[in-house]
Amino acid sequence: MPELPEVETYRRFLDDLILHQPITAVEVRDAHVLTTDEDTLRRYLVGRHVTATRRLGKNCFLELDNDTVLALHFGMTGDVGAYRDDPDAPRFTRVALHLADGMRIAFVDPRKFGRIRLAGSVAEYQKLKKIGPDALDITWEQLQAALSKKKTLLKPALLDQRITAGLGNWIVDEVLFQAKINPERLCNTLTQKEFKALHAAIQLVLQTAIQHEATYRHFPASFLIHAREWDDSATPGTDKHRFCPRHPRTEIEKKYVGGRATYYCPKCQPVPATASETPDSSRTSG
DNA sequence: GTCGATGTTAGCAC
DNA sequence: TGTGCTAACATCGA
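For chain A, an unreviewed UniProt entry supplies the name Formamidopyrimidine-DNA glycosylase and the organism Hymenobacter citatus. In its Sequence similarities (unreviewed entry) section, UniProt records this for chain A: "Belongs to the FPG family."

Below is the structure:
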């Protein structure tokens, strides 16, 4: 589930457990998630300790006391855990850091799309991976500057970590719903007012998600997230979650935009009128 | 057995 | 160079 709010939650979890604890061992259960080879990792980590944790977009960093950082990317299914005894290691633990106080920090990732690597600094990693400004830090002017010259569909552009970092598939849908903008709008057709609404929606969605530690079912009823199939907050046996929070009789639609499953309200987020579109003025009369 | 999945990146066609 | 689409990664769970 790791988008920005989840990764921020992971970072806080790690911050509570790992700071200033000497690392006594690096346990690699599946080297597939390593981008830095196992021996190098051990050489730089064992005997060191973490001085600070940081986050940029969906990446989490552990800053070490030897001018290096351990960069964690959680892929689609990455998570963190803590345990003390081997049998208690979470299922799908791929790598574990053993700490001097006996705690073990697990990098958990069933699908193994996550990656762990060593870097010189957060800035170096950011440059290497071409990561843009964090979605919580970007200003509306920056957002407008980055998007207004692009001719692409809006949703894929917002998922592009080079434009702004941290937005993932469900968050973009939520942001566009809150901003009342159709995911298939072209970036260069947005008005200044819409860029401001987009920016405000990014702040709202991310702050709300972090506040609830990314637990979807606790999100406000005004959020689109409850329409996603994997949401289980709707009362069993009801179809409540299928409808728009603002239009109780309008069903949320699902389609693929840029190859990604996309949920939106056809009423709140109307498709922009274009020359090719069939004129239809009777729809609003109901 | 089939299908889809929260992310990222390479490859290809235009 | 910019854009869009698809597949691939590895695996789980519905």
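Now for the side chain of Thr68. Relative to the helices and strands, Thr68 is located in the loop between β3 (59–64) and β4 (69–73). Within the local environment of Thr68, its side chain forms a polar contact with the side chain of Asn66, the two groups lying 2.7 Å apart. Beyond its immediate sequence surroundings of up to four residues, Thr68 is in contact with Tyr44, Leu62, Glu63, Leu118, Ala119 and Gly120.

So, on to the packing of aromatic side chains. Enumeration according to the criterion identifies 5 aromatic pairs in this entry. Considering the side-chain rings of Phe61 and Tyr125, the 5.2 Å spacing of their centres and the 80 degrees angle between planes classify their relative orientation as edge-to-face. A residue pair is termed long-range when its members are at least 10 positions apart, and Phe61 in strand β3 and Tyr125 in helix α3 (residues 122–128) qualify at 64 residues. Just as Phe61 is buried, Tyr125 falls in that class too. Taken together, a centroid distance of 5.5 Å and an interplanar angle of 25 degrees make the contact between Phe74 and Phe107 stacked. Placement of the pair is Phe74 in the loop between β4 and β5 (79–83) and Phe107 in strand β7 (residues 104–108), with a sequence separation of 33 residues. Residue class for Phe74 comes out buried when judged on its relative accessible area of 1%. With a relative accessible area of 4%, Phe107 lands in the buried category. Taken together, the aromatic side chains of Tyr10, Phe74 and Phe107 make up a single cluster linked through ring pairs. The positively charged end of Arg246 is found above the aromatic ring belonging to Phe177, 4.0 Å away from the centroid.

Calculation rules
Residues numbered from 1 in each chain as written. Chains lettered and ligands numbered in written order. Predicted model: local features only at pLDDT ≥ 70, side-chain atom pairs only at ≥ 80, totals over all residues. Heavy atoms only, no water. UniProt positions renumbered as here; feature names shortened; annotations may be inferred. Helix = DSSP H or I, 4+ residues; strand = E, 2+ residues; numbered from the N terminus. Polar contact = N/O pair within 3.5 Å; in protein donor to acceptor, adjacent residues only side chain to side chain. Contact = heavy atoms within 4.5 Å. Phe/Tyr/Trp six-rings, centres within 6.5 Å; stacked < 30°, edge-to-face > 60°. Buried < 20%, exposed > 50% of the residue type's maximum accessible area, 1.4 Å probe, protein only. Lys NZ or Arg CZ within 6 Å of the ring centre and 35° of its normal.

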